[in-house]
Amino acid sequence: MSAQNALIRVAIVEDDPRTRDALAKAIHQAPDMTVLWTENTCQAALAALSRPAADVLVIDLGLPDGSGIDVIRAAHQRWPSCHVMVSTIFGDEYHVLQSIEAGAHGYLLKDSPAETMADEIRLLHAGGSPVSPMIARLILSRLRADGPQASDQSAPARVPARSGVTMSPRETEVLELFTKGFTYEEIAQRMGVTRHTVQTFVRRIYAKLEVGSKIEAINAAREQGLLRV
Amino acid sequence: MQRVSRACCASERSKVSTSSKLVWRILWPLVGFALWLGLASNARAEVHTVHFQKAQMLELAGGSLDASPPVLIDGNWQSDGWREVSLPYQVPRETRTGQEQEEVVTRWFRLPMNADEYVTGDFFLYLPRWQTIGRLSVYVDDRLVFHSRGSAVWNAFNIPLWQPVTLPGVTTPPKMVLLRVVSLRSSGLGLSSAWIGHQEDLILRHRLREILQVQVPFLTSGAFLALGIFSLMVWVKRSHEPAYALFFLASAFFFLRCLHYRSGGRQLLLPDDWFGWITLNSLGWLVVVVYLFTARLGIRRLPWLERSALTLMTVCTALTVPGLLTAAQLALVAPAVYAVQWLVNVGVTFSALWLACRARVHEACWVSAWGVLTIPFGVHDWLLHNRLIDAESFYLLPYNGIGLFMIFMTVVFRRYVGALNEAESANRQLEARLSEREAALARSHERLREIERGQTRVQERQRLMQDMHDGLGSSLVSALYAVELGQLKGEDVAQVLRECIDDLKLAIDSLEPAHTDLVMLLAALRFRLSPRLQASGTRLEWAVEDVPPLAWIDPRSALHILRILQEVFTNIVKHAGATHIRVGTRQEGDRVCVTVDDDGIGFVPDQAATNATASGTTKGRGLDNLARRAATLGARVQWWPLHKGTRFELSLPLASPLSPQRANS
């Protein structure tokens, strides 16, 4: 790790052997990364967390013995510096948002070409997080401080604005541009900042989502009398 | 004369005795009405009181009903002709046939007292009843102390006389009390026994009789009249229920009837004859009204009986109208009219009882059974009125009336309360029915929604099926054939599969709830297609602007838009050989336009279409689909040649397209 050109160590949790192999192959082909270990169950993955931390953890949610969400949560706690990305076919709300709330930083589309996969991992490791327009819209509806707007009326009713966590105007602007289909570079250009700044905004937003979900969990627990504060 | 008791003179013992009587006075009302018959002959020990059950009577022909009696008389003016009579004393009325001059008779009753035997004090004469057509005067030791005023006919026949008999300035007891009665000989005379004694000894006796005899009938008849007026008001609002009106009529007649029990001592407001007319007829009408009431309680109606009762009563009433007969004649006719009325009474009462028992209507049974009691009571009163029985008796019909009204009232108010309850339960039923209806409505609504949901699901499924069939399915099948025929290489297979996955992703994106946002839809498209554009080395310029939301876009139309643009992109990537694509949006009047510019080889749609039909390539089929989808949306698709390359424009209406349902066909 001390060396600048140290390899990105990737851990993989995936139960489908072909997907696992394809992913491992893509990483192997990349000169700057290596597969630390691969596991195919929740149990094994949780056990593997006691080993030295990986730089990136790629994880599938639908594991044979449970949900990858638990592993994401544990990994976020045990390996604070590790970038977690959820591996999904569609990059849909169900998979991505709940992973972000559990502490994930991004997602990896399973049908991406090998080079794209490596790029995504690299990007994540460098501090960037992919944001699809749909995900951006959902996050907006959850974290928007000034209440729902006209475009959010059609948003699912089960995602009310989270209490305790609000976004800054700049963060909101970033997300709104994502919903319109702009890329990191285009957003950075439009806002007159560097791509890195936009990445920072997104990471912050993701962190707020996670905090928001934790606050919600605490509130829920307090309401149910499970927790006394 | 009988001296009831003689107490000792010691005032202490008298007081003791008086206080023991106080207990009696309290007990008296409790013993009450049941003991009323025994009142006159009560042999209770009393002090300083004489109960005269005998008197000396002198009867003289002549006298005047109108002239004032002498103020003083000579005590020894007449010593002969006195004879002893027992009290109560009655001379029956005579039924007169002719119209000869009325003969007047004066009767004197002497009540001697041995003054030496009594302690001094205020002495009172208590006379429970005197009844005749005439006047009564009272003399104490030859001096006039009372003279009855008002009408000679409607004198105070039912009001007990309560007269002080101690002369002013005299402390000794009176020696002699004289009663002078001047009356029509034909009217007979009824005189009760008399009491003379200290006020405290007699007051209870007097008050009790007064209350029972005068005040109870008067007060109850007033109370019934008040209820009757309430009943009348009910009837005004519910005129289809005559029972309420009949109750009012009965209460009014009863009230009129009871007036004469309280008359006397004062000038009447009405002439004697009119008062008599009212008194006489109100009873008969009361009986008839009671029958009419009973007949409406659910028993068999006898119209002929009702008619004859009404006719007979009308005749009686008309016959006795004042002016037809003189007051004296009226008084004499009264027994006959009473007789006719009782005939009617007996007729209707027994018919009512018989019909009620047959119909087993309890209320009617009660009313008519009580009505039957009227007959013996009426007979009693008739005898009393005609001085045929003891004048100390009470007139019983008022009490009978009270009982009757209690039943009457129960019936009427049971109806009233029953009607209220009925209304309430009707309300409750209405509410129950209403909520039942509401529930049924909710159920059918729920069913409708269920059906609607089912239809939506079916439509959604059809939409996806259609899409899968045209896109994903056909791509996979053709890829399968190609693989089986060995025409496809590994890389081509991967390409086909990628396209299939893209198709799938767009289908999923079309389900996004934010599809009214066209820019958002384009963003989703870019997100899905950019990897392939990147892979093909095409640069994408994203120049979208905010446009108004298109409220009409639903998942189906959203997918159409995505597929149209997907087709356009695919064509550009596959056939145009473009290096740069620019996507833009703008609003143009009532339409929103999406433009896709490329810098590839020129593309003329007509030519392409011709080529497509000629060669039957997938490109041609894609354009067909594109046109079909655009038509479904009410959208326009156009291609223009640019200086270098082609511009594609998809123009969507802002408002709802004319026939969005065409997608179903």
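Up top is the structure.
Note that residues are indexed from 1 along each chain, following the sequence as it is written. Labels follow written order: the first chain is A, the first ligand is 1, and so on. A pLDDT threshold of at least 70 governs which residues receive local features in this predicted model, and a stricter bar of 80 or more applies before side-chain atom pairs are shown or counted, although totals over entire chains, interfaces and linings include all residues.

With respect to the overall build of chain B
Next up, step 1: Summing up its helical and strand segments, chain B has 13 helices and 18 strands in all.
Next up, step 2: Working definition of burial: number of other C-beta atoms within 10 Å of the residue's own, with buried at 20 or more, exposed at 12 or fewer, and partly exposed in between, all C-beta atoms being placed from the backbone. For chain B, buried positions account for 36% of its 665 residues.
Next up, step 3: C-beta atoms are first placed from the backbone for all residues, and any pair lying within 7 Å is then listed as a contact. Residue pairs in contact within chain B that sit at least 24 positions apart in sequence constitute 80% of those at least 6 positions apart. Put simply, DSSP marks the helices as runs of H or I at least four residues long and the strands as runs of E at least two long, and each gets a number from the N terminus on.

Regarding the sheet that holds strand β6 (residues 83–88) of chain A
All names here are of chain A.
Next up, step 1: Strands were regarded as paired on the criterion that DSSP finds at least two bridges between them. The five strands lie next to each other as β2-β1-β3-β6-β7, forming an open sheet whose pairing is parallel. Single-partner strands in this sheet number two, and they are β2 (33–39) and β7 (106–109). Ignoring strand direction, the axes of neighbouring strands in this sheet form an average angle of 25°.
Next up, step 2: Across the sheet, helix α3 (residues 68–78) lies against β1 (8–13), β3 (56–60) and β6, angled at about 165° from β3, the strand it touches most. Axis definition: a line fitted to C-alpha atoms, over the contacting stretch in the case of helices. Angles run 0 to 180 degrees between N-to-C directions.

Quick word on α3 of chain A
Next up, step 1: When we look at burial in α3 of chain A, the residues that qualify are Gly68, Ile69, Val71, Ile72 and Ala75 of chain A. Buried residues of α3 of chain A, viewed axially, fall in a sector of 160°; they line one side. It is the directions from the helix axis to the C-beta atoms that the arc portrays.

Quick word on helix α7 (residues 169–179) of chain A
Next up, step 1: Of all the residues in α7 of chain A, the buried ones are Glu171, Val174, Leu175, Leu177, Phe178 and Thr179 of chain A.
Next up, step 2: On its buried side, α7 of chain A packs onto α6 (133–143), α8 (184–191) and α9 (195–223) of chain A together with α10 (518–535) of chain B.
Next up, step 3: Taken from the residues just after α7 of chain A, Gly181 of chain A is the one with a positive phi, measuring 95°.

So, the pairing of strand β9 (residues 143–147) of chain B
The side chains of a regular strand alternate, first on one face of the sheet and then on the other.
Residues and elements named next belong to chain B.
Next up, step 1: Strand direction decides the pairing type here: strand β8 (residues 134–140) and β9, joined by four bridges, are antiparallel. Bridging across to β9, Ser137 finds its partner in His147.
Next up, step 2: Between β8 and β9, which follow one another and run antiparallel, lie two residues, and Asp141 among them has a positive phi close to 45°.

A look at the interface of chain A and chain B
Next up, step 1: The partner chain B presents 20 residues to the 19 residues of chain A that form the contact.
Next up, step 2: Residue contributions to the side of chain A that touches chain B peak at three residues, all from α6 of chain A.

Notes on the sheet that holds strand β10 (residues 161–164) of chain B
Residues and elements named next belong to chain B.
Next up, step 1: Pairing is antiparallel across the open sheet formed by four strands, whose spatial order is β1-β13-β6-β10. The open sheet has two edge strands, β1 (49–52) and β10, and neither has a second partner. Recorded for the sheet is a direction-independent mean angle of 15° between the axes of neighbouring strands.
Next up, step 2: Running over the sheet, helix α2 (residues 199–237) touches β1, β6 (123–127), β10 and β13 (194–198) and is turned about 135° from β13.

Points about unusual backbone geometry
All names here are of chain B.
Next up, step 1: Following Leu87, the chain continues into Pro88 via a peptide bond in cis, with omega recorded as -5°.
Next up, step 2: Even without a glycine there, the phi angle at Asp142 is positive, about 75°.
Next up, step 3: In this model, Arg360 sits at a positive phi of 55°, which is unusual for a non-glycine residue.
Next up, step 4: With 10 C-beta atoms packed within 10 Å, Arg360 lands in the exposed category.

None of the figures reported here should be taken as evidence of function without further support.
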